[in-house]
Amino acid sequence: MDISGVVKTWKSAIARNNRSPTDQEMVTMPSSQANIKGITFEKRNFIAQHYTSGLNIPEENCEDEVDSCTTTQDEIKPDEPKIENSTARNSTFYLDQQESPSDENRGQLNVLSAAYESLDYETCINSAWLDEERTKGYTFVVKKDVARWLVVLLTAILTALIACVIDITIESLSAFKYTWLKQYTDYGVEKSLLIIPFLLWGALNIGPTLIAAFLGSYIEPVSTGSGIPQVKCYLNGVKVPRVVRIKTLLSKVVGVTMSVLGGLAVGKEGPMIHSGAVIAAGVSQGKTTSFKHDFGVFEYFREDHEKRDFVSAGAAAGVAAAFGAPVGGVLFSLEEGASFWNQGLTWRVFFCAMMSTFTLNLVLSTYNGVPGMLAYNGLLNFGKFDDLTYEIWEFIPFLLMGVMGGLLGALYNHINLKLTAFRMRYVNKPWQKIIEAAIVAFVTAAAAFLMIYLIHDCRIIDPDTAKYPIQMFCGYGEENAAASIWFQTPEKSVRSLFHDPPG
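Just checking my understanding: could you explain the environment of Lys-182 for this structure?
Mapped onto the elements, Lys-182 comes out in helix α5 (residues 127–191). According to the relative accessible area criterion, Lys-182 is partly exposed, its value standing at 22%. Residues Lys-182 and Phe-487, 305 residues apart in the sequence, show an inter-C-alpha distance of 8.4 Å. Not counting chain neighbours up to four residues away, the residues in contact with Lys-182 comprise Tyr-468, Pro-469, Ile-470 and Phe-487.

So, in C-alpha cells, the structure goes:
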C-alpha cells in the first residue's frame, strides 16, 4: 500500500474541514445573494443540486501542504454547470415556499422546502417523566381527562356555529343577489336590453370572487382550497406553517362565503373540515398566536400529541357538520386523517362529531322556523326521498352508470393534474391568481346566461318551488326551467334536480 498516498488523502480531508466558512461559501454563493440569511442554505443548495443532478462537485486543487488547499471560482471547468442552471434550480431549499423567489422557483413540482418541520408526537417516558406524573396525583389525572371532554364539546359547538354562520350568510346575500338580478332580467326582456342583466350578473359574480381571491392570495395563502390535504399532513406529523391559526380560519370562512356567492363551482363542505381543525387547535391550547393573547387555560394540553388528538376531533366535527354524519366524521379521522389513534380518542371524537351535528341541526331548524323538529342534518341536504322499489333489470343501467362514472372520474383527475401543473408554472403570482378567479367567475355567469337564453324550456310556475321565477321568452304564467336552476344556491339547485316535478 502506498503510505504517501494515504497521508496525502488524509491531509486533504483535514484541509477541507478546517477551511474558513468564507472560503467554503465562495464557490456556491452568487454575489447577488451574499447575505446572512442565505449563507447556510446556499451551501446546502450547492451540494443538493449537484447530487440530484448526477453531477460531480468541482474538485479542489490541494497540495501536500494544508495551507495551500484553496478553491476559486476560476478553477471550475467551463463545461460544468453553475448553480444558476435550470436543472439545479429544481432542488433548491428554502425556509418557506411563500418566501422563496417565486419568479424562478415556484411552479417546480420537485422543489424541496425547509418550512415543513416534523411534529414531536412521541412522549419521552423516562424516570424524570414518571416522577413528575406521580407528583401530580390522581386528582390531576381526572381533571385533565374531564378537560379533554370539555375541549371537544366546545370544539363541536363552535364548529357547528361557524357552519351555521356560513350557511345563513350565503342564504341572506344570495336572496339579495337573485332578487336584484331577477328585477333587471325582467326589465331587460321587456325593453329588449338583455345586455344589462348579463353585465350585472357578471359584476355580481366578480365582486365577491375578488374578495375571496384577495384573501387567499395576499392575506393568508394557506387558507385557499379545502384545507383537507394540509390537515392530513398535520395529523401525520408534518408541521405546515400557519395551518391552524385563527387568521387562517377567518380568511377561510369569509373566502368560502364569497366564493359560493360569486357563483364559483365550490362548496362549503370541504373547508368545514379545515375550520373544525383550526377551532380544535385554538381551543385546546387556550391561546391565540395571531392576536398574541394567552387566556391561561388548558396549559397542560400544549404538547404536540395532545394538540394532534384534538385536531382529529375537530376534523371529524367538520365532516359531521357538513354532511350530518357523525359516524362518517369519525371514520374520516380514523381512516383518512390520523395515523395515531387509541380507544379513548375514538369515544371523544365520536362525541365531538355527534354534538356538532346536533348543534347545527338545532340552530338551523330554529332559523328556518321549525324549532325542535331537527330537520336540517347538515349543510349538504338533498331533501327527503320517497321509498322506491327496484326491479332486477335496473341493475344493468346502474352498472353502466358506475363504469361511466369511473371513466369520467379518471379523465377528470388527469385533466386536473395537467391544469394544476400548468397553473403552478404560469399562474404563480398573487395578482395573476386574482385575475384568474375573476375570469372564471365571469365565464360562469356568461355560461349560465347563455343557457337561459338559448334553452326555451318553459313550465308552469309552481309557487312552492319557484322563489325567483324568470319568464324570459316563455308565456304568461310560465317560467324558464334553466333559470330556476341557476337562480338559487348550489345545494338548492341539486335538490331541485332531485325533487322538482318534470315539466
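Hey, could you run me through empty space enclosed by the protein in this one?
Over the atoms, a rolling probe the size of a water molecule traces out where space has been left empty. Applying the stated criterion across every chain yields a total of two cavities of 30 Å³ or more. Its boundaries defined by the atoms lining it, the largest cavity holds a volume of some 50 Å³. Around the largest cavity sit Leu-181, Thr-185, Pro-197, Trp-201, Phe-449, Ile-452, Ile-470, Met-472 and Phe-487, which together line it. The set of elements that each furnish at least two residues to the lining of the largest cavity consists of α5, α6 (195–219) and α14 (430–454). When grouped by side-chain class, the residues that make up the lining of the largest cavity number eight nonpolar, one polar and no charged.

Mind showing me how you'd approach the packing of helix α9 (residues 270–285) against helix α10 (residues 304–323) here?
For any two helices packed against each other, the geometry is given by the interaxial angle and the distance between the axes. As a packed pair, α9 and α10 sit with axes 7 Å apart at the nearest point and diverge in direction by 140°. On the basis of the axis angle, α9 is oblique to α10. Crossing of α9 against α10: the hand is right-handed. Where α9 approaches α10, its residues Met-272, Ile-273, Gly-276, Ala-277, Ala-280, Ala-281, Ser-284 and Gln-285 are matched on the opposing element by Lys-307, Phe-310, Val-311, Gly-314, Ala-315, Gly-318, Val-319 and Ala-322. A class-by-class count of the residues in the contact of α9 with α10 yields ten nonpolar, five polar and one charged.

Quick notes on the rules
- Residues numbered from 1 in each chain as written.
- Predicted model: local features only at pLDDT ≥ 70, side-chain atom pairs only at ≥ 80, totals over all residues.
- Heavy atoms only, no water.
- Helix = DSSP H or I, 4+ residues; strand = E, 2+ residues; numbered from the N terminus.
- Buried < 20%, exposed > 50% of the residue type's maximum accessible area, 1.4 Å probe, protein only.
- Contact = heavy atoms within 4.5 Å.
- 1 Å grid on protein atoms, 1.4 Å probe; cavity = no way out; pocket = protein on both sides within 12 Å on 5 of 7 lines; lining within 4 Å.
- Points joined across faces, edges and corners; volume = space filled by probe spheres on them.
- Nonpolar A, V, L, I, M, F, W, Y, C, P; charged D, E, K, R; others polar.
- Axes fitted to C-alpha atoms, helices over the stretch in contact; angles between N-to-C directions.
- Parallel < 35°, antiparallel > 145°, perpendicular 65-115°, else oblique.
- Left-handed = near helix turned anticlockwise from the far one by under 90°.

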